[in-house]
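# Working through the structure, step by step
Each chain, letter by letter, is given below.
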Amino acid sequence: MGVDMMIAYLMVAIGVIGLVFKTWYSYNPKLKDMDDSQINNAIDNFGHMMSEMYSLPPINIVIEDLSKESAVYVDGPIEACFMPKDKDGSVIIIDMERLKRNGNNLSELCSVVIHEYTHYYDCSEFNDYKDWLRDYESNPWYYELRSKDSESKYTKKLMKEYSEVVEEVRISN
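First, a word on scope: everything that follows refers to the structure included in this document. On a predicted model such as this, the values are computed, not experimentally measured, just so you know. (Residues numbered from 1 in each chain as written. Predicted model: local features only at pLDDT ≥ 70, side-chain atom pairs only at ≥ 80, totals over all residues. Heavy atoms only, no water.)

## Considering the sheet that holds strand 2 (residues 80–83)
As a reminder, the rule being used: We treat two strands as partners when DSSP finds at least two bridges between them. By the criteria applied, helices consist of DSSP H or I runs no shorter than four residues and strands consist of E runs no shorter than two, each listed in order from the N terminus. Where helices are involved, their axes are fitted lines through C-alpha atoms of the stretch in contact, as for all axes, and angles between N-to-C directions lie from 0 to 180°.
Read across the open sheet, the 3 strands follow the order 1-3-2; overall the sheet is mixed. Looking at the sheet topology across the chains shown, the edges are occupied by strand 1 (60–63) and strand 2. Sheet twist, expressed as the average angle between the axes of neighbouring strands with direction ignored, equals 20 degrees.

Written out as structure tokens, the structure reads:
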């Protein structure tokens, strides 16, 4: 069995395990049922939490159409990406319309932010973002699996913290 097939089986196994152990959160609406300010607030909170977790300065997270973009490791359009540039110019781009169309909920958006922040963290470990890009392009599955692992580790924690914040705001109003 080739390495690619082993990686594919591993990804499926991780997905199945994630579904089995998935925790339902007190606050986990479908993105299509949230207004833009709620979504932006969640993204800001998730980004702040990840910045603290990885001890990185916050990165700009923007909403843009990525339907014409593709990735090294997948055919077709993508939902989000990390675009490295010099230290102050890197950005995470999220295709919110695609996430809404696909029926994603808030915890899945949280996972997307975690995934892309992990790429941001990995890139920060290199002296030059171009070196990380070359390394990523030569071994994308290494970085994709690291990001998937981070999603598994941190989504429940971030969703729990964010659900508590939302609940506190609801109670105070």
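## A closer look at the packing of aromatic side chains
The condition that has to hold: Pairing of aromatic rings covers Phe, Tyr and Trp, the last counted by its six-membered ring, and requires centre-to-centre distances within 6.5 Å; plane angles under 30 degrees mean stacked, over 60 mean edge-to-face, and any other angle means tilted. Relative accessible area decides the class of each residue, using a 1.4 Å probe on protein chains only: under 20% of the type maximum gives buried, over 50% gives exposed, and in between gives partly exposed.
Counted according to the given criterion, the structure contains 11 aromatic pairs. Ring geometry for Phe 82 versus Tyr 120: centroids 5.9 Å apart, planes at 45 degrees, classification tilted. With Phe 82 in strand 2 and Tyr 120 in helix 4 (residues 106–124), this residue pair connects regions lying 38 residues apart in the sequence. The class for Phe 82 is buried, based on a relative accessible area of 7%. Ring centres of Tyr 142 and Tyr 143 lie 4.9 Å apart, and the angle between their planes is 85 degrees; on these two criteria the pair is classed as edge-to-face. On the basis of relative accessible area, Tyr 142 is assigned to the partly exposed category, the value being 42%. In textbook terms, an aromatic cluster arises when at least three aromatic residues are bridged by ring pairs, as seen for Phe 82, Tyr 117, Tyr 120, Trp 132, Tyr 136, Tyr 142 and Tyr 143.

## With respect to the packing of helix 4 against helix 5 (residues 129–138)
The relative placement of two packed helices is expressed as an angle between their axes plus a distance between the axes. Stated formally: Less than a right angle of anticlockwise turn of the near helix away from the far helix marks a crossing as left-handed, whereas a clockwise turn marks it as right-handed. Any two residues whose heavy atoms approach within 4.5 Å at even a single point are treated as in contact. Note on residue classes: Ala, Val, Leu, Ile, Met, Phe, Trp, Tyr, Cys and Pro are nonpolar, Asp, Glu, Lys and Arg are charged, and everything else, Gly too, is polar.
In the contact formed by helix 4 and helix 5, the axes pass within 8 Å of each other and the chain directions differ by 120 degrees. In this structure, helix 4 meets helix 5 at a crossing whose hand is right-handed. Judged by residue contacts, His 119, Asp 122 and Cys 123 of helix 4 engage Tyr 129, Trp 132 and Tyr 136 from helix 5. Among the residues making up the contact of helix 4 with helix 5, the classes are represented as 4 nonpolar, 1 polar and 1 charged.

## Some points on a negative patch on the surface
For clarity, the threshold we go by: Residues qualify for a patch when their relative accessible area is over 30% and they have no salt bridge, like charges being joined within 9 Å and the nonpolar side chains of Val, Leu, Ile, Met, Phe, Trp and Tyr within 5 Å. With residues, only the protein chains shown are counted as cover, and all accessible areas are computed by Shrake-Rupley using a 1.4 Å probe. Whenever a carboxyl oxygen of Asp or Glu lies within 4 Å of a side-chain nitrogen of Lys or Arg, that contact is scored as a salt bridge. We score Asp and Glu as negative and Lys and Arg as positive, and we do not count His or the chain ends. The atom standing in for a charge is NZ when the residue is Lys, CZ when it is Arg, CG when it is Asp and CD when it is Glu.
Together, Glu 64, Asp 65, Glu 69 and Glu 97 line one region of the surface with negative charge. Among the secondary structure elements, Glu 97 is positioned in helix 3 (residues 96–101).

## Structural notes on the side chain of Ser 147
To keep things clear, this is the line we draw: Pairs of N or O atoms are called polar contacts if they sit within 3.5 Å, as long as, within protein, a hydrogen donor faces a hydrogen acceptor (for residues adjacent in sequence, only side-chain-to-side-chain pairs).
Along the polypeptide, Ser 147 turns up in helix 6 (residues 140–172). Ser 147 sits in the buried class, given a relative accessible area of 0%. Within the structure, Ser 147 has its side chain in polar contact with the backbone oxygen of His 115 (distance 3.1 Å). Beyond its immediate sequence surroundings of up to four residues, Ser 147 is in contact with His 115, Thr 118 and His 119.

## Things to note about the nonpolar core
Applicable threshold: In plain words, nonpolar cores are sets of buried Ala, Val, Leu, Ile, Met, Phe, Trp, Tyr and Cys residues tied together by side-chain atoms within 4.5 Å.
In terms of nonpolar packing, the biggest core is built from 35 residues, with Phe 46, Ile 94, Leu 106, Leu 109 and Tyr 117 touching the most fellow members. Within the residue set of this core, elements represented by two or more residues are helix 2 (36–54), strand 2, strand 3 (91–94), helix 3, helix 4, helix 5 and helix 6. The element best represented in this core is helix 4, accounting for 9 residues. Not counting the four nearest positions on each side in its chain, Leu 109 is found in contact with Leu 31, Ile 39, Ile 43, Ile 94, Met 96 and Leu 99. Counting residues in each nonpolar core, the second largest holds 5 residues, with Ile 78, Cys 81, Val 91 and Ile 93 among its members.

## Things to note about the pattern of salt bridges
As enumerated under the stated definition, the model contains 8 salt bridges in all. Of the charged contacts in the structure, one is a salt bridge between Lys 148 and Glu 151, with a shortest N-O distance of 3.9 Å. Here Lys 148 and its partner Glu 151 are both found in helix 6, 3 residues apart, which amounts to about one turn of the helix. The class of Glu 151 is buried, set by a relative accessible area of 14%. Among the ionic pairs, Glu 161 bridges to Lys 157, the shortest N-O distance being 2.7 Å.

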